[in-house]
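Reading the structure
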Amino acid sequence: MKSIVILISGRGSNMESLLDAVASGAVPVRVAAVLSNRPDAKGLDIAAARDVPTRVIDHKQYASREAFDAAMVEAIDAFAPDLVVLAGFMRILTDGFVCHYEGRLMNIHPSLLPSFPGLHTHQRALEEGVRIHGCTVHFVTPALDHGPIIVQAAVPVLDGDDEDALAARVLAQEHRVYPLAVRWFAEGCLRLIGGRVAVDAEQGGESLLISPAVGAARPG
Ligand code: GRF
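Not measured: the values here are computed from a predicted model.

Now for the pattern of salt bridges. The full count for this structure, using the stated rule, is six salt bridges. Its salt-bridge partner being R38, residue D40 comes within 3.3 Å of it at the nearest N-O pair. Of the charged contacts in the structure, one is a salt bridge between R169 and D161, with a shortest N-O distance of 2.8 Å. Among the residues examined, R169 registers a relative accessible area of 27% and is labelled partly exposed. What emerges from the salt-bridge pattern is a single network uniting E16, D20 and R50.

Following this line, the structure appears as structure tokens:
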């Protein structure tokens, strides 16, 4: 069975949904460890309560980004994971780190990339007046919030939405798509071809999730 290490910085709800999916058998991986760059990350308590080993690599203890990333690599590689899962990990990673885990480093981003890379995605989506927002799971490349897209979920922006309401509906979809992407990785369904991800044929239809499903939105 493949193993994963999850990197967090805070609340850890994506990590928790992954742990749930692993515990239920829906995602066939072993979670070797959860690492945080912040000692106060709430997700650390959630992981510890489930007997998942945790480590803190406090970025404030390192003089440079390179030194921090080197410490992260050492801590991660001690668990020899097949896949490193960024789940709300709020540090920009050096190219050296990203290249070290090429093809086995995933991130979730709360927008339909390539729209709205960076921070405050929900607020920016509201300001732009987009009708469709969502989230993206992608392999990480050195360019921030870019990289081959694995799965996206589309979430309609509703009249009267504020940042919190929209964020909550997107987060619910994040909790669906991240376990799905990790399952595909674990089952060997993902292939990188020319910088794009191919999901093995029988899974292909699921790599676009729409919430609510188009059929469900139809009247009558
Ligand atoms: C999520 O919205 C994720 O997409 C973004 O940071 C947030 C982390 O939330 N990268 P959580 O810590 O998983 O609850």
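More follows now that the structure is in view.
A few words on the domain arrangement of the protein chain. Domain boundaries in the protein chain define domain 1 (1–101) and domain 2 (110–220). The C-alpha centroid of domain 2 is placed 21 Å from the C-alpha centroid of domain 1. In this complex, domain 1 contributes 22 residues to the contact, which on the side of domain 2 involves 15 residues. Approximately 1,500 Å² of surface area, both sides summed, lies buried where domain 1 meets domain 2, with 75% of it carried by carbon and sulfur atoms. The largest contributions to the domain 1 side of the interface with domain 2 come from N14, L83 and V98, which together make up 28% of the buried area. Here domain 1 and domain 2 share zero salt bridges between them. Summed over the shared surface of domain 1 and domain 2, the number is three residue pairs in polar contact (both at pLDDT 80 or more). At the level of secondary structure, the elements contributing two or more residues to the side of domain 1 that touches domain 2 comprise β1 (2–8), α1 (13–23), β4 (83–86) and α4 (95–100). Ranked by residues supplied to the side of domain 1 that touches domain 2, first place goes to α1 with five residues.

About the thresholds
- Residues numbered from 1 in each chain as written.
- Predicted model: local features only at pLDDT ≥ 70, side-chain atom pairs only at ≥ 80, totals over all residues.
- Heavy atoms only, no water.
- Salt bridge = Lys/Arg side-chain N within 4 Å of Asp/Glu carboxyl O.
- Buried < 20%, exposed > 50% of the residue type's maximum accessible area, 1.4 Å probe, protein only.
- Domains from an automatic or database assignment.
- Contact = heavy atoms within 4.5 Å.
- Buried area = accessible area lost by both parts, 1.4 Å probe.
- Polar contact = N/O pair within 3.5 Å; in protein donor to acceptor, adjacent residues only side chain to side chain.
- Helix = DSSP H or I, 4+ residues; strand = E, 2+ residues; numbered from the N terminus.

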